[in-house]
Amino acid sequence: SSLPAIAAPSPSLAGGASLVAGCAIGAGMLALPVETAAAGYAPSEVSLLVCYLFTNISSLLVLEGSKAALTRAKASGDDSVQLSFLSMAESALGKQARWLTAGLYIFVQTALTTAYIAGVGDVLSSDALPFGLTPVSASALFAAVFGGLLVAGANACEVVNRGLVVGLVASFGMMISRGVSSIQPETLTHMANWGSIFPGGLSVAMVAFLSQSTVPTVLQYFNGNVRKTRQAILLGNIVPLAVYTIWEAVALSAVPYSPDMSRSPADFLVALGQAIGGSNFYLASVCFSVCALTSSFLGVGLGLVDCLVDLFPGGKSALRARMGVGVPLVG
């Protein structure tokens, strides 16, 4: 007798929120204490709150645009529409806007994926680790594994992303358990150079919350359910705000600002590990960094896949888009 069919897992709020949070927590977080150290903790926290509110508002606006594009597509009898910024631009402004948006979107998303790949290579090639990898070899290995995962599709990425978020939370908990004792309120409050938060600190804080590109993907993940998508956005964006608030307190207390401090996030992690003490903290920070960068890479990669599917519709467009994103990364 034949085996019974295994039902596909139903979309969950935790899964949608993890896509939003995972896309946000990435390379921007690693650069936050480096770029905000000259300003101090108070200006850093204000900039994080401003960027958090901006991200929620802009993400909800993107959701409204996605909903309108989906409604128009279904009204015209197209039930297989692939939501992305392209379909929203064409729905609102016409076909010329679609191609202009495609060029801008692909440029930005490709730049982000390149930054995430380079970030992982920078972390894993540190002399403090026993791997003996160069930045190029570490980046190539990462691209081969997780670029190939994009070829497998959104469901496979979502399952792996859940594991990455679990690893992110666990490693962050280990870091905080060791680093919370280093938080010194007097160190955090003695300096508030508001002028130094712009442009470096504010721009990095904005990038650290960057998750708007996943909204069309999350809406399709919930099969067009706007209410669940809105909940996933609001829940998912709380996670990076909480993580960044604690991370900044630990990092800026343990490694006070110095004019000659390194601007490399990888070097900062080494200095942070030395300041707090113990190899376990440094290894946890490496695990956290890799999980955060990988989760962001998958979120941005899925958005790029949806964009290509929408740009080149057809019977096997989804497979072609995944191959178009994944195969060059593997290569």
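What this report covers is the structure whose coordinates are included nearby. (Residues numbered from 1 in each chain as written. Predicted model: local features only at pLDDT ≥ 70, side-chain atom pairs only at ≥ 80, totals over all residues. Heavy atoms only, no water.)

Quick word on the overall build of the protein
The condition that has to hold: Here a strand is any run of E in DSSP of at least two residues, a helix any run of H or I of at least four, and the numbering for each starts at the N terminus. Between buried and exposed lies partly exposed: a residue is buried under 20% and exposed over 50% of the maximum accessible area for its type, with that area taken using a 1.4 Å probe on protein chains only. What makes two residues a contact is simply this: any of their non-hydrogen atoms within 4.5 Å.
When helices and strands are tallied, the protein shows 14 helices and 0 strands. When the elements of the protein are put in sequence order from the N terminus, they spell out α-α-α-α-α-α-α-α-α-α-α-α-α-α. Split into buried and exposed, the 331 residues of the protein put 50% on the buried side. Of the contacts made within the protein by residues no fewer than 6 positions apart, 81% connect residues no fewer than 24 positions apart.

Remarks on helix H1 (residues 13–24)
We apply this condition: A helix is expected to span 1.5 Å for every residue after the first.
Between its terminal C-alpha atoms H1 stretches 17 Å, which fits the 16 Å expected from 12 residues at 1.5 Å a residue. Within H1, 10 of the 12 residues are buried, leaving the element largely enclosed by the surrounding structure. All of the buried residues along H1 are Gly15, Gly16, Ala17, Ser18, Leu19, Val20, Ala21, Gly22, Cys23 and Ala24.

What about unusual backbone geometry?
The backbone phi angle of asparagine 223 is positive, close to 55 degrees, even though this residue is not glycine. Looking at where asparagine 223 falls in the secondary structure, it is placed in the loop between helix H10 (215–221) and helix H11 (226–254).

Focus on the nonpolar core
Heads up, the condition is: Among buried residues, the Ala, Val, Leu, Ile, Met, Phe, Trp, Tyr and Cys ones that are joined through side-chain atoms within 4.5 Å form a nonpolar core.
If you look at the biggest cluster of nonpolar residues, it comprises 69 residues, and the most contacted ones within it are Ile25, Met29, Tyr244, Leu272, Phe288, Phe297 and Leu298. Among the nonpolar cores identified, the runner-up in size contains 10 residues, and Leu63, Ala69, Leu83 and Met88 belong to it.

Thoughts on the environment of leucine 283
As for its placement among the helices and strands, leucine 283 is situated in helix H13 (residues 279–311). Taking the relative accessible area as the measure of exposure, leucine 283 reaches 46% and is therefore partly exposed.

Shape is all these values report; function is a separate question.
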